[in-house]
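Close look at the chain arrangement
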Amino acid sequence: MKVGLIVGSLRKDSWNRKVAEVAKGLFPENVEAEFVDISQVPLYNQDLDGENPIEAFKKVREDLKAYDAYLFFTPEYNRSYGPAIKNLIDVGSRDPEGNLWAKKPAGVFSASMGGYGAMAGNHALRQAFIYVDLIAMQQPEVYLAKVQDLFDENGKMVERTESFLKKAVDAFVDHAKMVLGR
C-alpha cells in the first residue's frame, strides 16, 4: 500500500509538517508513506485547466494517482483547514479522467499551538471529504493541542504523544485496508 502524506501548512517550520514527519516513521514496513509536494500548485483557475492544463496541475494529479490512500495533516485557519489543502482537493477532483479522490481512504490529523488541536479545521476538512467521496477514518480522532509542548528541546516528539500517534497511524492503516478490501 502507498500512502500520500499531505501537509496543509506550507511553512518550512510548520508544526503539522513536524507531526507528519514523525507519523511517516511510524508506518509499518509494508506500507510506503511519502509526502505529496503541494507547495508549487497555483490556485485553481479553470482557465489554467481543461484540455491543456498547466504543468503544475498535471504533475500533482499524476503524483496523487500513485497513492492508494491519503493522510492529511492540517493546521486551523480561521476555524477551517489550510487553504493549500482546499486547493489540492479542487485540482484533484477536476482531473480529466475524473475525480481522483473517489472511494479512496483518507485520514485527518490536526495540530495547533492553541488548546483545541485544530479541531474545527479537522472537522471542516472531513466535511469536504464527503463531496469528493474520500472515505474518512472516524476513530481515533487526532487533535494535537499545544503542539509546541509535544516536542522536547532536541525536537523529538515526547514519548506519550508518539505512542498515541503510532496507534492512530496503525488505525489508519487498518482503515485503508478495510476500504481497499485488502
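Here's what I pulled together on the structure shown here. The structure displayed is predicted, hence computed values, not measured ones.

A separate point is the overall build of the protein chain. A tally of helices and strands in the protein chain yields five helices and six strands. Secondary structure elements of the protein chain occur, N-terminal to C-terminal, as β-α-β-α-β-α-β-α-β-β-α. In terms of overall size, the protein chain behaves like a compact globule, its C-alpha atoms giving a radius of gyration of 16 Å where 182 residues would be expected to give roughly 16 Å. Reported as C-alpha extents along the three principal axes, the dimensions of the protein chain are approximately 50 × 35 × 25 Å. Within the span of the protein chain, comprising 182 residues, buried residues form 46% of the whole. Within the protein chain, residue pairs in contact and separated by at least 24 positions form 75% of the contacts whose partners lie at least 6 positions apart. About 9400 Å² of surface is accessible on the protein chain, with carbon and sulfur atoms providing 49% of the total. For the protein chain, the separation between the mean place of its 23 positive charges and that of its 26 negative charges on side chains is 3 Å.

By the criterion of burial, strand β4 (residues 105-111) is predominantly enclosed, with seven of the seven residues buried. Taken together, strand β3 (residues 69-74), helix α3 (residues 83-93) and β4 form a β-α-β motif whose crossover is right-handed. Looking at chain direction, β4 and strand β5 (residues 135-136) are connected through two bridges and run parallel. Within β5, the position partnered with Pro-105 by the bridge is Ile-135. For β4 and strand β6 (residues 142-144), the ladder comprises three bridges, and the chain directions are parallel. Within the sheet, the bridge partner assigned to Ala-111 lies in β6 and is Leu-144.

All right, on to the packing of aromatic side chains then. How two aromatic rings sit relative to each other is given by the distance of their centres and the angle of their planes. Following the criterion strictly, the structure yields seven aromatic pairs and no others. Ring geometry for Tyr-67 versus Tyr-70: centroids 6.4 Å apart, planes at 70°, classification edge-to-face. For the pair Tyr-67 and Tyr-70, one class covers both residues: buried. Judged by centre distance (4.9 Å) and plane angle (75°), the rings of Tyr-70 and Trp-101 are edge-to-face. Of the two residues, Tyr-70 is situated in strand β3 and Trp-101 in the loop between α3 and β4; the sequence distance between them amounts to 31 residues. With respect to class, Tyr-70 is no different from Trp-101; both count as buried. Here the aromatic cluster, defined as three or more aromatic residues joined through ring pairs, consists of Tyr-67, Tyr-70, Phe-72, Trp-101 and Phe-129. One residue, Arg-17, lies across the ring of Phe-35, its end atom 3.8 Å from the ring centre. Here the guanidinium or amino end of Lys-18 rests over the ring plane of Trp-15, the centre of that ring lying 4.5 Å away.

Each value, and the rule that gives it
- Residues numbered from 1 in each chain as written.
- Predicted model: local features only at pLDDT ≥ 70, side-chain atom pairs only at ≥ 80, totals over all residues.
- Heavy atoms only, no water.
- Helix = DSSP H or I, 4+ residues; strand = E, 2+ residues; numbered from the N terminus.
- Rg over C-alpha atoms; globule rule 2.2 N^0.38 Å.
- Buried < 20%, exposed > 50% of the residue type's maximum accessible area, 1.4 Å probe, protein only.
- Contact = heavy atoms within 4.5 Å.
- Areas by Shrake-Rupley, 256 points an atom, 1.4 Å probe, with all protein chains shown as cover.
- Lys, Arg positive; Asp, Glu negative; His and termini not counted.
- Charge placed at Lys NZ, Arg CZ, Asp CG, Glu CD.
- Right-handed = clockwise from strand over helix to strand, strands pointing away.
- Pairing = 2+ DSSP bridges.
- Phe/Tyr/Trp six-rings, centres within 6.5 Å; stacked < 30°, edge-to-face > 60°.
- Lys NZ or Arg CZ within 6 Å of the ring centre and 35° of its normal.

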